[in-house]
Amino acid sequence: MSRRTEIDVRPITEAEFPDWNRALNTGFLRPPAVAEEQLEARRNEFVPGRSLGAFDGDRCVATFRSFDQELTAVGGGLVRADAVSNVTVTATHRRRGLLTRMMAQDLAAAKERGDVVATLIAAEYRIYGRYGFGPATSMTEWAVDVPRAGLDPRWAAPEDGGRIDLVDGADVRRLGPELHERLRRAQPGAVSRTELWWRYRTGVIDWNGGSPWTEPCYALYRSADGEVEGMASYRTDDRWGDAKQPLNTATVDWLLAVTPAAERALWHYLCSIDWVQTVKSGWRSPDDLLPHLLPDPRAARITTQADWLWVRILDVARALEARTYEGQGSVVLEVVDRGGLTGGRWRLEAGPDGASCAPTTVSAHFVLDVGDLAALWLGDESAVRLAALGRVREERAGAARVVDALLRTSRRPWCPDMF
């Protein structure tokens, strides 16, 4: 086995793209061979300098990719993000510092570009905290027992005068981006979607490695005045019991709604489809309205609840100034950053009219790791809770409550996307 110093970590070239993808498939426990159709689809995402590989001789043994993204802060401000994805290390080369080297290169470049944060969806919980990431949003999946939900089985049109229409992929590509833009500008934790995202998910580009594209169903909600306010992509199976009873499931790929009326109408529609006995919600916010849009909320059973979007703060001042604050207050934060990118002592002065955050030499009120700051920044975590866990330290009595009063939000942040 080669020594660590013999392994070259660097941006890949286009000629190395097939080998890089073979290592990517291997790392994610997929068949290593990469179909030409899959390579062509993945080449759409290739940006020179943003895909890193670790090479043992001519063989790629670790992969890493990042791309430009915007993340919505509390209050709707958009911050530049370095989105991290496709992270693998081949089993023969684990525990040799390859991810550490790739991550250091990428985060240093992101800092140099002026990105405010880095983001990722963590496959494993214990990896990314050591690079300064913290879990900033969570997700919940529900399975709705439709017969128990208490809805009228003779469902008709939405009661608010709106309507549900089934549309095709062309309609989704035409109407979806503007709808998503409205949602993400109002939803802390949401991230931008490219045109490529919509083309992938409506079958224009084959990302299944040559497998036949199966079009899902798309439901569109328009309000009484004709405004598009909601959209869902879903798939149904074909399963019947021994007594010729339907046991079908509708599985939601994604559901966007910019008004409570649209959300209610789309969930009620999904629970009204003939033969469907179970509706699987897909990735939703932990405080999603879904269970309480049903006459019997117990019909919605939680099947998954876990951390989701992880954030790494690259610029403390710009991150804290990018969001809004409902309360008024001041606190001095000492941010510990073992990566050396943005540590130091910062005074945050915040209120409904705006915020300022600047370096200071005065004594700290509250000491925390940069990963815990990320968990607090989007408003989902509690400083009081982190203090009870021993992960943060109060240098002034009551500082954790001051931080909570400033940073916590009335609704939880949510990232609808996997990347």
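The structure displayed is predicted, hence computed values, not measured ones.

Caption draft 1: Spatial organisation of the overall build of the protein. For the protein, the count of helices and strands is ten helices and 19 strands. Relative to its full complement of 419 residues, the protein shows a buried share of 51%. A separation threshold of at least 6 residues defines the contact pool for the protein, and within that pool the share at least 24 residues apart is 72%. Total accessible area on the protein stands at roughly 19700 Å², and carbon and sulfur atoms take up 49% of it.

Caption draft 2: The pairing of strand 2 (residues 51-56), seen in detail. Most of strand 2 sits out of view: six of its six residues are buried. Covered by surrounding structure in strand 2 are Ser51, Gly53 and Phe55 together with Leu52, Ala54 and Asp56, the residues of both alternating faces. Strand direction decides the pairing type here: strand 1 (residues 8-11) and strand 2, joined by four bridges, are antiparallel. In the sheet register, Arg10 faces strand 2, and the bridge partner there is Gly53. Inspection of the sheet shows strand 2 paired to strand 3 (residues 59-72) by six bridges, in the antiparallel sense. Paired with Ala54 across the strands is Ala62, a residue of strand 3. Counting the residues that bridge the hairpin from strand 2 to strand 3 gives two residues, and of these Gly57 lies at a positive phi of roughly 70 degrees.

Caption draft 3: Region of the structure containing empty space enclosed by the protein. The full count for this structure, using the stated rule, is one cavity of 30 Å³ or more. In this structure, the largest cavity encloses a volume near 60 Å³. When the residues that make up the lining of the largest cavity are grouped by side-chain class, the tally is seven nonpolar, two polar and two charged.

Caption draft 4: How the structure looks around unusual backbone geometry. With phi around 60 degrees, Arg95 is a residue other than glycine that occupies positive phi space. With respect to the element layout, Arg95 can be found in the loop between strand 4 (78-89) and helix 3 (98-113). Of note, Lys244 is a non-glycine position whose phi angle comes to about 60 degrees, a positive value. Checked against the element boundaries, Lys244 lands in the loop between strand 10 (228-236) and strand 11 (248-257).

Caption draft 5: Representation of the layout of surface pockets. Approximately 570 Å³ is the volume attributed to the second largest pocket. Contributing to the lining of the second largest pocket are 32 residues, with Ala186, Gln187, Pro188, Arg411 and Arg412 lying nearest its centre. Within the residue set of the lining of the second largest pocket, elements represented by two or more residues are helix 4 (169-184), strand 11, helix 6 (260-270) and helix 10 (399-407). The biggest single contributor to the lining of the second largest pocket is strand 11, with three residues.

Caption draft 6: Seen up close, the pattern of salt bridges. If you walk through the whole model with that rule in mind, you get 33 salt bridges. Close ionic contact of Arg193 with Asp417 constitutes a salt bridge, the shortest N to O distance being 2.8 Å. Within this pair, whereas Arg193 is found in the loop between helix 4 and helix 5 (195-200), its partner Asp417 is found in the segment after helix 10, the two being separated by 224 residues in sequence. Asp417 matches Arg193 in its accessibility class, with the two residues each being buried. In this structure, Asp369 engages Arg338 in a salt bridge whose closest nitrogen and oxygen atoms are separated by 3.6 Å.

Caption draft 7: View of the sheet that holds strand 9 (residues 217-222). Reading across the sheet, the seven strands line up as 8-9-10-11-12-7-13 and stay open at both edges, with mixed pairing between neighbours. Looking at the sheet topology across the chains shown, the edges are occupied by strand 8 (163-167) and strand 13 (300-307). Between one strand and the next, the sheet's axes are offset by a mean angle of 25 degrees, whatever the strand orientation. Inspection of the sheet shows strand 9 paired to strand 10 by six bridges, in the antiparallel sense. Across the sheet, residue Tyr218 finds its bridge partner in strand 10, namely Ser233. Sheet strands in contact with helix 6 are strand 8, strand 9, strand 10, strand 11 and strand 12 (276-280), and its direction is about 165 degrees off that of strand 11.

Caption draft 8: Representation of the sheet that holds strand 1 in the model. Strand order in the open sheet formed by seven strands is 1-2-3-4-5-14-6, with mixed pairing between adjacent strands. Two strands close off the open sheet at either side, each with one partner strand: strand 1 and strand 6 (134-135). Running over the sheet, helix 8 (residues 370-377) touches strand 3, strand 4, strand 5 (117-121), strand 6 and strand 14 (309-313) and is turned about 120 degrees from strand 14.

Caption draft 9: Quick look at helix 8. The buried count for helix 8 comes to eight of eight residues, which makes it a mostly enclosed element. A distance of 2.8 Å separates the backbone nitrogen of Gly371 from a side-chain oxygen at the start of helix 8, and that oxygen is part of Asp369. Looking one or two residues past helix 8, Gly379 carries a phi angle of roughly 95 degrees, positive in sign.

Caption draft 10: Up close: helix 2 (residues 36-43). Regarding helix 2, the residues found buried are Gln38, Leu39, Ala41 and Arg42. Take helix 2 and look down its axis: the buried residues cluster within an arc of 160 degrees, on one side only. Buried residues along helix 2 sit against helix 1 (17-27) and helix 5.

Caption draft 11: Structural view of the environment of Thr72. Among the structural elements, Thr72 can be located in strand 3. Taking the relative accessible area as the measure of exposure, Thr72 reaches 0% and is therefore buried. Between the alpha carbons of Thr72 and Arg412 there is a distance of 13 Å; along the sequence they are 340 residues apart. At 2.6 Å, the side chain of Thr72 forms a polar contact with the backbone oxygen of Arg184.

Calculation criteria
- Residues numbered from 1 in each chain as written.
- Predicted model: local features only at pLDDT ≥ 70, side-chain atom pairs only at ≥ 80, totals over all residues.
- Heavy atoms only, no water.
- Helix = DSSP H or I, 4+ residues; strand = E, 2+ residues; numbered from the N terminus.
- Buried < 20%, exposed > 50% of the residue type's maximum accessible area, 1.4 Å probe, protein only.
- Contact = heavy atoms within 4.5 Å.
- Areas by Shrake-Rupley, 256 points an atom, 1.4 Å probe, with all protein chains shown as cover.
- Pairing = 2+ DSSP bridges.
- 1 Å grid on protein atoms, 1.4 Å probe; cavity = no way out; pocket = protein on both sides within 12 Å on 5 of 7 lines; lining within 4 Å.
- Points joined across faces, edges and corners; volume = space filled by probe spheres on them.
- Nonpolar A, V, L, I, M, F, W, Y, C, P; charged D, E, K, R; others polar.
- Salt bridge = Lys/Arg side-chain N within 4 Å of Asp/Glu carboxyl O.
- Axes fitted to C-alpha atoms, helices over the stretch in contact; angles between N-to-C directions.
- Polar contact = N/O pair within 3.5 Å; in protein donor to acceptor, adjacent residues only side chain to side chain.
- Arc of directions from axis to C-beta.

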